[in-house]
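This is what each chain is made of:
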Amino acid sequence: MDSSLSDADTPLLRRGQWWRSQLRLKTNLFSEMSGAVGDLGTFIPIVLTLTLVSHLDLSTTLIFTALYNILTGLLFGVPMPVQPMKSIAAVAVSETPHLTPSQIATAGLSTAATLFILGSTGLMSLLYRYLPLPVVRGVQLSQGLSFAFSAVKYIQFSQDFVASKSTTARSWLGLDGLILALSALLFLVLTTGSGSDGGCGSSTSSGETRSRRRVANRIRILSAIPAALIVFLLGLVLCFIRDPGIFSNLKFGPSPIRLLTITWDDWKIGFLKGAIPQIPLSILNSVIAVCKLSTDLFPDRDLSAARVSISVGVMNFVGCWFGAMPVCHGAGGLAGQYRFGARSGLSVVILGLGKLVIGLVFGSSFVTILNQFPIGILGVLLLFAGIELAMASRDMNTKEDSFVMLVCAAISLTGSSAALGFVCGIVLFLLLKLRSWDCFLKPNAGEDEDENSCAVA
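Residues numbered from 1 in each chain as written. Predicted model: local features only at pLDDT ≥ 70, side-chain atom pairs only at ≥ 80, totals over all residues. Heavy atoms only, no water.

The protein chain carries the name Molybdate transporter 2 in an unreviewed UniProt entry, which gives Linum tenue as its organism.

J.: Where do I start with the environment of Ser-365 in this structure?
T.: For Ser-365, the position within the fold is in the loop between α17 (346-361) and α18 (367-370). It is 8.2 Å that separates the C-alpha atoms of Ser-365 and Leu-58, two residues lying 307 residues apart in sequence. Beyond its immediate chain neighbours, meaning those up to four positions away, Ser-365 contacts Asn-249, Leu-250 and Lys-251. For Ser-365, the side chain forms a polar contact with the main-chain nitrogen of Lys-251, separated by 3.0 Å. (Helix = DSSP H or I, 4+ residues; strand = E, 2+ residues; numbered from the N terminus. Contact = heavy atoms within 4.5 Å. Polar contact = N/O pair within 3.5 Å; in protein donor to acceptor, adjacent residues only side chain to side chain.)

J.: Honestly, the side chain of Ser-102 in this entry has me stumped. Any pointers?
T.: Relative to the elements of secondary structure, Ser-102 occurs in helix α7 (residues 101-121). Polar side-chain contacts of Ser-102 include one of 2.9 Å to the backbone oxygen of Thr-261. Non-local contacts of Ser-102, meaning those with residues more than four positions away in its chain, are made with Leu-260, Thr-261, Ile-262 and Asp-266.

J.: What am I meant to see in unusual backbone geometry here?
T.: Residues apart from glycine generally show negative phi values, whereas peptide bonds are mostly found in trans. Residue Pro-97 is reached from Thr-96 by a cis peptide bond, and omega for that bond is 0°. Position of Pro-97 relative to the elements: it lies in the loop between α6 (86-94) and α7. One non-glycine residue, His-55, adopts positive backbone phi at about 60°. Looking at where His-55 falls in the secondary structure, it is placed in the loop between α4 (40-53) and α5 (58-76). Using a relative accessible area of 62% as the deciding quantity, one classes His-55 as exposed. (Buried < 20%, exposed > 50% of the residue type's maximum accessible area, 1.4 Å probe, protein only.)

J.: Explanation requested: the nonpolar core in the structure shown.
T.: Considering soluble globular proteins, one finds that nonpolar side chains tend to be buried as a cluster. Within the largest apolar cluster, 106 residues are counted, with the highest numbers of intra-cluster contacts made by Leu-50, Met-124, Leu-188, Leu-293 and Val-308. A total of 12 residues in this core trace back to one element, the largest contributor, which is helix α14 (residues 264-297). Listed in part, the 5 residues of the second largest apolar core include Leu-141, Ala-390, Met-396 and Ala-409. (Core = buried A, V, L, I, M, F, W, Y, C linked by side-chain atoms within 4.5 Å.)

J.: Any chance you could explain the packing of helix α16 (residues 331-339) against helix α19 (residues 375-390) here in plain terms?
T.: A pair of packed helices is captured by two measures, namely the crossing angle of their axes and the spacing between those axes. Packing of α16 against α19 brings their axes to within 8 Å, and their N-to-C directions diverge by 105°. As far as their axial angle goes, α19 and α16 are roughly perpendicular. Between α16 and α19, the contacting residues are Ala-331, Gly-332, Ala-335, Gly-336, Tyr-338 and Arg-339 on the first element and Phe-384, Ala-385, Glu-388 and Leu-389 on the second. In the contact of α16 with α19, the residues fall into 6 nonpolar, 2 polar and 2 charged. (Axes fitted to C-alpha atoms, helices over the stretch in contact; angles between N-to-C directions. Parallel < 35°, antiparallel > 145°, perpendicular 65-115°, else oblique. Nonpolar A, V, L, I, M, F, W, Y, C, P; charged D, E, K, R; others polar.)

J.: Is there a simple way to think about the pairing of strand β3 (residues 165-169) in this case?
T.: In the case of a regular strand, side chains alternate between the two sheet surfaces. Here strand β2 (residues 157-160) runs beside β3; their pairing, made up of 3 bridges, is antiparallel. Looking at β3, one finds that Gln-159 is bridged to Ser-166. Hairpin connection between β2 and β3: a loop of 4 residues separates the two successive antiparallel strands, and Ser-164 in this loop has a positive phi of roughly 55°. (Pairing = 2+ DSSP bridges.)

J.: Please explain empty space enclosed by the protein as it appears in this structure.
T.: Empty pockets left among the atoms are what a rolling probe the size of a water molecule brings to light. Per the counting criterion, the structure on display carries 1 cavity of 30 Å³ or more. Roughly 40 Å³ of volume is contained in the largest cavity. Along the walls of the largest cavity sit Pro-84, Lys-86, Gln-278, Leu-281, Asn-285, Ser-286 and Cys-328, which together make up its complete lining. Among the elements that take part in the lining of the largest cavity, α14 stands out by supplying 4 residues, more than any other. When grouped by side-chain class, the residues that make up the lining of the largest cavity number 3 nonpolar, 3 polar and 1 charged. (1 Å grid on protein atoms, 1.4 Å probe; cavity = no way out; pocket = protein on both sides within 12 Å on 5 of 7 lines; lining within 4 Å. Points joined across faces, edges and corners; volume = space filled by probe spheres on them.)

J.: Would you explain the confidence of the model for the protein chain in this entry?
T.: Low-pLDDT portions of the prediction should not be read for the details of their coordinates. Of the residues in the protein chain, 87% reach a pLDDT of 70 or more, and the chain-wide mean stands at 87. By mean pLDDT, the top-scoring element of the protein chain is α7 (97), and the lowest-scoring one is helix α1 (residues 12-15) (45). The low-confidence segment residues 1-15 (pLDDT under 50) makes 8 contacts with residues lying over four places distant or belonging to another chain. Residue range residues 199-205 is modelled with pLDDT below 50. Its contacts to residues more than four positions away, or to other chains, number 9 contacts. (pLDDT = per-residue confidence, 0-100.)

J.: Explain the pattern of salt bridges to me, please; I cannot follow it from the model alone.
T.: Two side chains that carry opposite charge are able to pair once their charged atoms sit near each other. Considering all chains together, one arrives at 8 salt bridges under this definition. Here Asp-296 ties to Arg-137 by a salt bridge, and the two come within 2.6 Å at their closest N and O atoms. In this pair, Asp-296 sits in helix α14 while Arg-137 sits in helix α9 (residues 133-156), placing the two residues 159 residues apart along the sequence. Taking relative accessible area as the criterion, Asp-296 reaches 39% and is therefore assigned partly exposed. On the basis of relative accessibility, which here comes to 2%, the residue Arg-137 falls in the buried class. Between Glu-400 and Lys-433 there is a salt bridge; the shortest N-O distance is 3.5 Å. Of the two residues, Glu-400 is situated in helix α20 (residues 399-414) and Lys-433 in helix α21 (residues 418-435); the sequence distance between them amounts to 33 residues. Residue Lys-433 is classed as partly exposed on the basis of its relative accessible area, which comes to 32%. (Salt bridge = Lys/Arg side-chain N within 4 Å of Asp/Glu carboxyl O.)

J.: What's the story with helix α10 (residues 178-192) in this structure? I'm lost.
T.: Within an α-helix, residues lying three or four positions from one another point in the same direction, as the helix has 3.6 residues per turn. Between its first and last C-alpha atoms α10 spans 21 Å; for 15 residues at 1.5 Å apiece the expected length is 21 Å, and the two agree. Within the sequence span of α10, burial applies to Leu-178, Leu-180, Ala-181, Ala-184, Leu-188, Thr-191 and Thr-192. On the buried face of α10, the contacting elements are α9, α11 (210-223), α12 (227-242), α16 and α19. Looking at the residues trailing α10, positive phi occurs at Gly-193, about 65°. (Expected span 1.5 Å × (residues − 1).)

J.: Is there a simple way to explain a nonpolar patch on the surface in this structure?
T.: Where nonpolar side chains cluster on the molecular surface, the patch consists of Val-423, Val-427, Leu-431, Leu-434 and Trp-437 and spans about 470 Å² of accessible area. Tracing the sequence through the fold places Val-423 in helix α21. Residue Val-423 is classed as partly exposed on the basis of its relative accessible area, which comes to 46%. (Patch = residues over 30% accessible without salt bridge, like charges linked within 9 Å, V, L, I, M, F, W, Y side chains within 5 Å. Areas by Shrake-Rupley, 256 points an atom, 1.4 Å probe, with all protein chains shown as cover.)

J.: Before we go on, may I ask you to explain the UniProt feature "transmembrane region" (unreviewed entry) in the protein chain in this structure?
T.: Within this structure's numbering, the places UniProt gives as "transmembrane region" (unreviewed entry) are residues 33-53, 60-78, 104-128, 221-241, 346-367, 373-391 and 403-432. Along residues 60-78 the backbone is 89% helical and 0% strand, and the end-to-end C-alpha distance reaches 25 Å. Segment residues 346-367 splits into 77% helix and 0% strand. End C-alpha atoms: 26 Å apart. (UniProt positions renumbered as here; feature names shortened; annotations may be inferred.)

J.: Help me understand α20, please; the structure alone is not making it clear to me.
T.: The first and last C-alpha atoms of α20 sit 22 Å apart over 16 residues, in line with the 22 Å expected at 1.5 Å per residue. Buried residues of α20: Ser-402, Val-404, Met-405, Cys-408, Ala-409 and Ser-412, and no others. Considered in projection along α20, the buried side chains sweep an arc of 165° and stay on one side of the axis. Turned more than 90 degrees off the buried face of α20, the exposed positions are Lys-399 and Thr-414. On its buried face, α20 is in contact with α9 and α21. (Arc of directions from axis to C-beta.)

As structure tokens, this is what we get:
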């Protein structure tokens, strides 16, 4: 190799040090650890529900999702989340009879095959490049508000995840009461503020007043506290206080990992009931929206829609055959992890290592701990993730863009379908462009070209 080449000119992969770039700290270790738990507000309820209702193997899911977390952190270099496929999970527990693990797996495999084909053929990149930004922002806004609405229900009411409904109003006192949830909420607001990196605006200079410097120092200290990690660890401690019998129910060692037996009927039911509603949601939220959000949050990182789409396919091609929960990436998870301090791939690697230890040590018996986790605390974490995702839509500065975004979001929320809102948003965007199109006449000789040429007003 030519010695005149600088170190910066040498490809990272050739030096074998690419992983150092992907995991380089941009803040501090405690911030990355705090950000690692930022998407557990969606992960834990769905995993717990599928384990209790559809008999999903928790040990297998923890081990495979741990490996996914570690590999995506190394591959993308941003806090790329690994989250359950929400539409499949919703169908699995709402259908009567409930979907079996084999049917859940075929739904995940069918969705994964679709995304893998779209990514490998370049079609996903075309969709990402040409989809109107207001429509994507509408999908993000609806998903963020949906998370926030669910979070408020988690905080305000007791939850029956098996029946997928809220029950009685949550009491003020108790180890999962309103006072606990509101205290966690206030603590996170005081420590993380609105989620902006700057905290109090521009950095202090010699000309600023002593009072302003004191405020800046206080906010800097508060921002350094790993708030989400502290709240999550508090929830784990409360699990054992709420039910000391957890200790006797814990068993050491993972469950045996076995190949699922899948029949033709499993493929048919999984595809028709699970994959069809999941595929448009995965395309929009797991690939396109997450890539747009990543560009907003990490402008120095070029996140390829094709790579993200292919990664969803590969993850599920590996894990679903063994009964692991179908997973994807998600803009809500990325927003939540970023909101609480994650700035590099290290945060999801830390989360993956934690899941791996739990899956190998406690296996499926860890469900007894998850079943006692304070739902109010999960609601607080989910609330911040939803608001952070919804705030990505604040860059819609024109009335026309805002109109398209809000119509898309409203239809997505009321119709309970991101695909329906997306289609309506595209139609509305095209109608507005057609309305402002001037004409299709070519300029005549000697006439002013500006008067007769086609233009968009």
